[in-house]
Structure formats: structure tokens, C-alpha cells
Amino acid sequence: MFSRLRTDFFQRLDVRLTAYYTCILLVLATIFASFLYYRLEHNLMKQVDRLLHDEAYELIVEIYDEIAEGKTVIEGCDRFLDDISSRKYYPLFFRVFASSGKLICQPQITAIPWDFFPEIKNSTYYATIPVEKQRFRLYEESFTTVAGEKYVLQISTQLKQHEKTLENFYGNILRAIPIMLLLCLGGGMLIARKPILIIRDITKVTNRITSQNLRERLPEPPAHDEVWDLTVTINSMMDRLEKSFSEIKQFSSDVSHELRNPLFALKGSIEVALSHKREAPAYRETLQECLERINLLITMVNDLFLIARFDSGKITLACDYLQLDTLVREMVDFFQPLVDEKNIKIKTDLCSAAPLYCDRIRLTQVLNNLLENAIKFTPHNGEISISLVGSDDEIKLRVRDSGIGIAEEEIEKIFDRFYQADQARSAETGGAGLGLQICKRIVDAHGGSIEVKNNADKGITVTVTLPLNHK
Amino acid sequence: MRVLIVEDDKGASRFIKKGLTEEGFVVETVFDGEEGLFMATHQQFDLIILDIMLPEMNGFEVIKGIRAKGVTTPVIFLTAKDQQDDLIHGFDLGADDYLVKPFAFAELLARIRAVLRRGQKENESVKITINELCLDRLSRSAERDGTPIELSAKEYLLLEYLMLNAGHVLTRTMILEHVWGYNFDTNSNIIDVHINRVRSKVDKGFPRKLIHTIKGVGYVLKAQD
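For every chain, the first residue of its written sequence is number 1, and the numbers climb from 1 along that sequence. Chains and ligands are labelled sequentially in the order written, the chains with letters from A and the ligands with numbers from 1. With the structure being a predicted model, the display of local features is reserved for residues of pLDDT at least 70 and the display and counting of side-chain atom pairs for 80 or more, all residues being used for whole-chain, interface and lining totals. Hydrogens and water are ignored here; the side-chain numbers use all heavy atoms of the structure.

## A word on helix H3 (residues 59-68) of chain B
Residues and elements named next belong to chain B.
At step 1: Along H3, the residues that are buried comprise Gly59, Phe60, Val62, Ile63, Gly65 and Ile66.
At step 2: Contacts were defined at the residue level, with two residues in contact if any of their heavy atoms lie within 4.5 Å. By the criteria applied, helices consist of DSSP H or I runs no shorter than four residues and strands consist of E runs no shorter than two, each listed in order from the N terminus. The elements touched by buried residues of H3 are helix H2 (33-42), strand S3 (47-51), strand S4 (75-79) and helix H4 (87-92).
At step 3: Polar contacts here mean pairs of N or O atoms no more than 3.5 Å apart (in protein, one a potential hydrogen donor and the other a potential acceptor; neighbouring residues in sequence count only if both atoms are side-chain atoms). Capping the start of H3, asparagine 58 holds a side-chain oxygen 2.9 Å from the backbone nitrogen of phenylalanine 60, two or three residues further along.
At step 4: Glycine 70 lies just past H3 and shows a positive phi near 80°. Exposure classes here rest on a 1.4 Å probe applied to the protein chains alone. A residue is buried below 20% of its type maximum, exposed above 50%, and partly exposed in between.

Here you go:
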């Protein structure tokens, strides 16, 4: 059973969650880094272009100055060359053409691969020129002297520094992303692990729970989160299971107890009858006695079955509108001979409330059981009062007897199966104490409630409340 | 009268057969649905008692087969409590009546009589006379030896039910259902008390007692010599 906990590493929920998070992070980081790289390169290039533009302007100004002093374009170029000779990071080099395409000046500072550069286009433009493993940025501009001579200037710089910055950035990203991923893996596992551990605890404890061990409960986590919800839900499920289970156990033991005694009596009667030779009437008497006991057993089994059918929701009520007061009167009439026999006085106070939508047979059964009990427990010359009080939305039926009453601590148990207020009396009058159980099921099925209270003087009052609007 | 019992519970089958034989019926018993269908469609019976839960073929399938062959023999279903809801289905298929197990034998007899009577005319005589006890169903009154008997409405119904079934035992459950329309068990002896009231009105002061208690079973109203 325990081996199920040691699931395959990659099947583990925390591992899978962390892997998902990490993958998402990797994709996001790659997109983000690519974007940054592109922006950086773009900006760096723009910077280089501005530099070239500025320097070209400077050169043109110098040439104009020299020409104004009566010197040549070449001398202007030389003066500019002096200015830029000290540049280290962006070494500049340039050449000047006449508009006809004739090279006028091309200072040879370093070995510059001019051969790779394009011819003049007589326009203003930027271009990147790859030369072997290096790259150069070129800017071309044309200008006209005061004398009206048109020249074209090509100025260029090597993109070495630019590439170095980009490379540096690239390298940093390559180092940062794995570190981020590692941190994400570690942190993710750590965070994902906590609820997983709690779930494992839950699994472990639930695995331990069997029919013999329904008492165990999960420890509640301190935080009121989803795991807490789960724990509380499981615990309350366990509560319900434990309750039903103990009810079932109690039920089985009650039933076997209730069956054992009458079966024992039956067996005894038959054994005694067979132990000696007898005349036919004696056998007949024994058989009749046995039959009566069996009838009681059958009644009990039928009652139990009815309760079971109510509990499993298999009973469908055949409802119709009927006057409850008429039903009560019929029932009182039915029991009148029994009441007369015990000289009990029945007081009725029945309002003719709105018709109730209910199952006639089942409600008659409720009345039958309530009156039966009331008559059973009310002594000779006692009194029973039945009242029916209706309001807009419900009808209250009260049956009040003047019997022995019930000990307060027993009242809760009165709706339990096989509850007997008085064991000795039940043996005499029959019935297995299922009457009130059945009443409760029927009343519940009608959406009502049933309640038992001791009277101030003597006896009990059973109150049945039935809603008028129950469908 | 020939009766076919299709019931797989041998115990139940045996007591029904014994009881019915003693009542003068000729009884055949089979233990599964297939055999039941074969017997019902190949031999002549006056009544079929058919259990619902059967091996091979259930009771519903059997009755379907029987009716499909054009056999109109009356059928009484036997059913366990939890199949009660299916019974409407059974009536649709052409059953005549049903009984819920466990039932009293007297009740089975009463149902059989009722089903067999169904084809003929109901006992519609206005006056029923048993010995010197006379019931007038028109005026809903009774008299014994010319002396009128005061009866309440329910007492009249009870006496009428007993007299219509004179000579046959009626159980408390049957009386409760027939006279009051209640189809549940009561744990009290209320039926006995009602019977005693009627009995005291009918039998008191007469040497020949008509209403008899059959201990453990119920009551019977019987003519005496």
C-alpha cells in the first residue's frame, strides 16, 4: 500500500509543477533577452551613426574654413586628420571625392580596406560593410563649396567597440538565464513541496483508516487555505462515515437482539410441544401461539423494511389535497372502541385549516401510530387531547397523552430504532418500538418535523408540523 | 379447478400447494420461468400463481409470453416488498392481482376466490342470510331472528365483509384494508376490539355463535348446524 506513495520522480505533482513553471520562465526569459539585445544593438548603431554624422559635419566645416582662408580641400582634410588621430575606441577614417568620382583625398592612417567599400552614390546614406571578420559603418554625404564645386565625403568607423558591448551583453544573458532557471527550480520545488507533503500526510492517514479504525482524523493545517478546506471536508466526511457505520453496527446488533428473543421463544414452544405425545387440540394451541409470534416478527420486519425504503429514498408519496381534520376524526373514530374499553376521554380541538397536500395512507399511518402510542400509555380513566392548529404556511398536529411520560434524558432516543419506553409493556402489547421511527420518516418525507416533549404535569405531547406549501 | 404455481422457493411452493390441495384445488408446481411458460401455454389451467423473481425468465417475461400466446388464464403475482413499484408494469402486462410476501394463506385464498369470481357475476343478492342472521344490503341493516341489530357504519361494513366471505377466514390485515382502507399493520388489538363489538351485537344471547376467532390467523363467520 505504501509503495504507491513512492511514485516515479517525474510523475510527482511538485516536480511536474516546477518543470512547467521553469519552462514558462525559460521561454519568457528568452523572449525578453532577445528583445533587449535587439534594442541594444539598434541604439548602439544609432549612436555610431550620430557620431559619424557629427564628425562628417565637423570635417565639412574645417574644409569650408580652409577654403575661406584660400587653401585647398586637401589641407582641410589634413587639419581634420590631426583632430581625430587620437581617437581610440571609434577610430575614424574618411575619403573625399569630387562629384565626378575622382578621389581627392584618402589619408592612409592604418591599413584600411578601402577596396571593400562601395563607390560613391552621390547621396546621403548609412551602410554596414562586412570586411572579413570585421564590420564597418559607413556614412556618405555630399557638400558644395562656396565656389560651387561639389564633393562627396565618405566617413567610416570600425564597429569593434559596438560588437564588444553586444558580445558582453550576450555573454551575461547566457550566464544569467541558467542561474535564474536553477533558482526557479529550487524555489519552485520548495514551494510546491509544502502542499504536496500535506497531501501525502492526508494519503497516509486515509490509508490507515479502515472500518476498525474510523476514529482517526487528519491534523488541520494552521492556514485557512484550500488544503485546510480539503482536510476539513475529509474530516467531516469521516465523521459522517463513522456515524453511519456505528449506526449500522448498532442496527445489526439491535435487529439480532430483537429477533433472537422471539425466535428463542418459538423454538422453545415447539420443542416443548414435541417433547411428549399430545392430543390434537394441544398441538393446535401451540401452533396458534407460534403463528401469533411469527406475525409479530413479520410486522417488525415489514416496519424495518419500510424504514429502509424511506432511508434509501425508494418511497414515492402518492400526494393529494385532503382535510387533515377529517382524517383525524376518522382515526379517532377507528380507535373509539379501544378508548371506550379503557374509559379514556378524548378531547379534540380541530381547526379546519387549508387542505394539506400529502399522502393519505402515510399520514393515516402517522396518526395511527401516534394514537396507538397515546392509548397504550394512557392509564384507565386518563385523558388524550388532540389539537390541530393551522396557520398560513403550516399545520400543527398535537397529540397529548396523560401517560407515564419519558425521562428527559431518554427523549432524544425516542426516535431511535427499537426504542422502548418500557420493555415489559412492549412485550405485552407487541410492537418493536419502530412506530415513531416510521412517523418521523413519513413526516420528513412531507417536509415537516416531529417533536416530543414531556408535559408539565404528566404524559407527553407529540407535535407534528407539516408545511402547507410542500410539493 | 386446476392451479399452476410458478415459484422457485420450494418452501413457499410446498405450503401453497398443500393449502390449496386441502381446499380442493388440483395443483401443479414448477420452479422456473421457462417451465412455467411451457406449462401455462400447453395445458389448461383455471389460475396461475406467478412469482416475479424466477430463474431463467422472470415473472414479467412469463406473463408476456402467456398473453402473447392468447392464453387468458387469470394470473396472480407474488412479489417481495421491494418490487412493489414494478407492479404497475405487471398489471400492464395482464396480471389480475398481486400479493406481497410474506402473506397469510387466508389472504391468498381470498384473492384466488376474488379473481375466479371476477368472470362470473358478483354476489349481488340484496339479502344475505346465514342461519337466522340476515343482512339487508339495500337498507344497510341487519337482524337476527327478527330482532334488528344496531350497527354503526363501520360495524355494518365489517359484518357485511364477514358475511360475504362466510365460511372463509379473514385476517386482521384483510379486514383493516377492506373495511377501513388502511394497508399498514397496526400493533394494537384494535381490530379485535371492533370484532368483539360486532360479535357482542350479533351473537350475544344466542346459543349458536356465528363469529369465531381463529387464533393467530383471524376471524370467520360460519353457519352452524
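## A few points about unusual backbone geometry
At step 1: With an omega dihedral of -5°, the bond running from lysine 101 of chain B to proline 102 of chain B counts as a cis peptide bond.
At step 2: If you check the backbone angles, asparagine 343 of chain A has positive phi at about 55° while not being a glycine.
At step 3: Along the polypeptide, asparagine 343 of chain A turns up in the loop between helix H6 (324-341) and strand S7 (345-350).
At step 4: Residues other than glycine seldom take positive phi values, yet asparagine 131 of chain B does so here, at roughly 50°.

## A short note on empty space enclosed by the protein
All names here are of chain A.
At step 1: Residues are called lining when one of their atoms sits within 4 Å of a cavity or pocket point, these points coming from a 1 Å grid over the protein atoms alone, where a cavity is a set in which a 1.4 Å probe fits but cannot get out and a pocket is an open set with protein on both sides within 12 Å along at least five of seven lines. Grid points are joined across faces, edges and corners, and a volume is the space filled by probe spheres set on the points. If you walk through the whole model with that rule in mind, you get one cavity of 30 Å³ or more.
At step 2: Space inside the largest cavity adds up to approximately 50 Å³.
At step 3: If you trace the largest cavity, you find it lined by Leu324, Leu363, Val366, Leu367, Leu397, Val464 and Leu466.
At step 4: Among the elements of the structure, helix H7 (360-377) and strand S12 (460-467) are those that each provide at least two residues to the lining of the largest cavity.
At step 5: Ranked by the residues each element gives to the lining of the largest cavity, the list is headed by H7, at three residues.
At step 6: Charged means Asp, Glu, Lys or Arg here, nonpolar means Ala, Val, Leu, Ile, Met, Phe, Trp, Tyr, Cys or Pro, and polar covers whatever is left, Gly included. Of the residues in the lining of the largest cavity, the class split is seven nonpolar, no polar and no charged.

## Describing a negative patch on the surface
Residue and element names in this part refer to chain A.
At step 1: Nonpolar side chains (Val, Leu, Ile, Met, Phe, Trp, Tyr) within 5 Å and like charges within 9 Å form the patches, drawn only from residues with over 30% relative accessible area and no salt bridge. Calculation of accessible area relied on Shrake-Rupley with a 1.4 Å probe; when residues are assessed, cover is drawn exclusively from the protein chains displayed. Should a side-chain nitrogen of Lys or Arg be within 4 Å of a carboxyl oxygen of Asp or Glu, the pair is scored as a salt bridge. Counting rule for charge: Lys and Arg are taken as positive, Asp and Glu as negative, and neither His nor the chain ends is counted. Throughout, a charge is located at the NZ atom of Lys, the CZ atom of Arg, the CG atom of Asp or the CD atom of Glu. On the surface, a cluster of negative charge is made up of Asp54, Glu58, Glu75, Asp78, Asp82 and Asp83.
At step 2: Elements with a minimum of two residues in the negative patch: helix H1 (13-68) and helix H2 (73-84).
At step 3: Sort the elements by how many residues they give to the negative patch and H2 lands first, with four residues.
At step 4: Assignment of secondary structure puts glutamate 75 in helix H2.
At step 5: In this structure glutamate 75 comes out as partly exposed when scored by relative accessible area, which is 36%.

## A closer look at the interface of chain B and chain A
At step 1: Contact with chain B, which involves 23 residues of that partner, is made by 27 residues of chain A.
At step 2: Roughly 2500 Å² is buried in total at the junction of chain B and chain A, and carbon and sulfur atoms are behind 57% of that figure.
At step 3: In terms of surface lost to chain A, no three residues of chain B exceed Phe184, Asn187 and Lys215 of chain B, which account for 26% of the buried area on that side.
At step 4: Among the salt bridges present, the one from aspartate 340 of chain A reaches arginine 197 of chain B, with a minimum N-O distance of 2.7 Å.
At step 5: Going through the elements one at a time, helix H7 (172-180) and helix H8 (190-203) of chain B are the ones with two or more residues in the side of chain B that touches chain A.
At step 6: Here the side of chain B that touches chain A gets five residues from one element, more than from any other, and that element is H8 of chain B.
At step 7: Among the residues forming the side of chain B that touches chain A, the class breakdown is nine nonpolar, eight polar and six charged. Throughout, buried area stands for the accessible area (probe radius 1.4 Å) lost by two parts on being put together, summed over both.

## A closer look at the environment of serine 211 of chain A
Residue and element names in this part refer to chain A.
At step 1: Relative to the helices and strands, serine 211 resides in the loop between helix H3 (160-208) and helix H4 (226-275).
At step 2: Among the residues examined, serine 211 registers a relative accessible area of 34% and is labelled partly exposed.
At step 3: Spatially, the C-alpha atoms of serine 211 and leucine 241 are 9.5 Å apart, while their sequence positions differ by 30 residues.

## Comments concerning the packing of aromatic side chains
At step 1: Centres within 6.5 Å are what make two rings of Phe, Tyr or Trp a pair, Trp counting through its six-membered ring; a difference in plane orientation under 30 degrees is then read as stacked, over 60 as edge-to-face, and the rest as tilted. Applying the stated criterion across every chain yields a total of 17 aromatic pairs over all chains.
At step 2: Pairing phenylalanine 334 of chain A with tryptophan 180 of chain B gives two aromatic rings, centres 4.9 Å apart and planes at 70°, and the pair type is edge-to-face. Placement of the pair is phenylalanine 334 of chain A in helix H6 and tryptophan 180 of chain B in helix H7, with the two residues belonging to separate chains. Residues phenylalanine 334 of chain A and tryptophan 180 of chain B agree in their burial class; the two are buried.
At step 3: Seen in terms of ring centroids, phenylalanine 60 of chain B and phenylalanine 77 of chain B are 5.6 Å apart; in terms of plane orientation they differ by 70°. Their pairing is edge-to-face. With phenylalanine 60 of chain B in helix H3 and phenylalanine 77 of chain B in strand S4, this residue pair connects regions lying 17 residues apart in the sequence. The exposure classification of phenylalanine 60 of chain B matches that of phenylalanine 77 of chain B, with both residues buried.
At step 4: Every member of this aromatic cluster is reached through a ring pair, and the members are Phe334 and Phe335 of chain A together with Trp180, Tyr182 and Phe184 of chain B.
At step 5: Lying over the aromatic face of phenylalanine 31 of chain B, lysine 10 of chain B brings its terminal NZ or CZ to 4.7 Å of the ring centre. Here, over-ring charges are defined by two tests on the NZ atom of lysine or the CZ atom of arginine: distance to the ring centre within 6 Å, and angle to the ring normal within 35 degrees.

## Quick look at a nonpolar patch on the surface
At step 1: A cluster of nonpolar side chains, contributed by Leu13, Ile199 and Leu230 of chain A, occupies part of the molecular surface with about 240 Å² of accessible area.
At step 2: On the basis of relative accessible area, isoleucine 199 of chain A is assigned to the partly exposed category, the value being 37%.

## Remarks on the state of the cysteines
At step 1: Here, the term disulfide refers to a pair of cysteine sulfur atoms separated by no more than 2.5 Å. The final tally for this structure, using the stated rule, is zero disulfides over all chains.
At step 2: With no disulfide of its own, cysteine 105 of chain A has cysteine 77 of chain A as its nearest cysteine by sulfur position, at a separation of 3.6 Å.

## Observations regarding the side chain of glutamate 372 of chain A
At step 1: Relative to the helices and strands, glutamate 372 of chain A is located in helix H7.
At step 2: There is no salt bridge for the buried glutamate 372 of chain A, and the closest opposite charge comes from lysine 376 of chain A, which lies 6.4 Å off by N-O distance.
At step 3: Apart from residues lying up to four places away in sequence, glutamate 372 of chain A is in contact with Phe335 of chain A together with Thr186, Asn187 and Ser188 of chain B.

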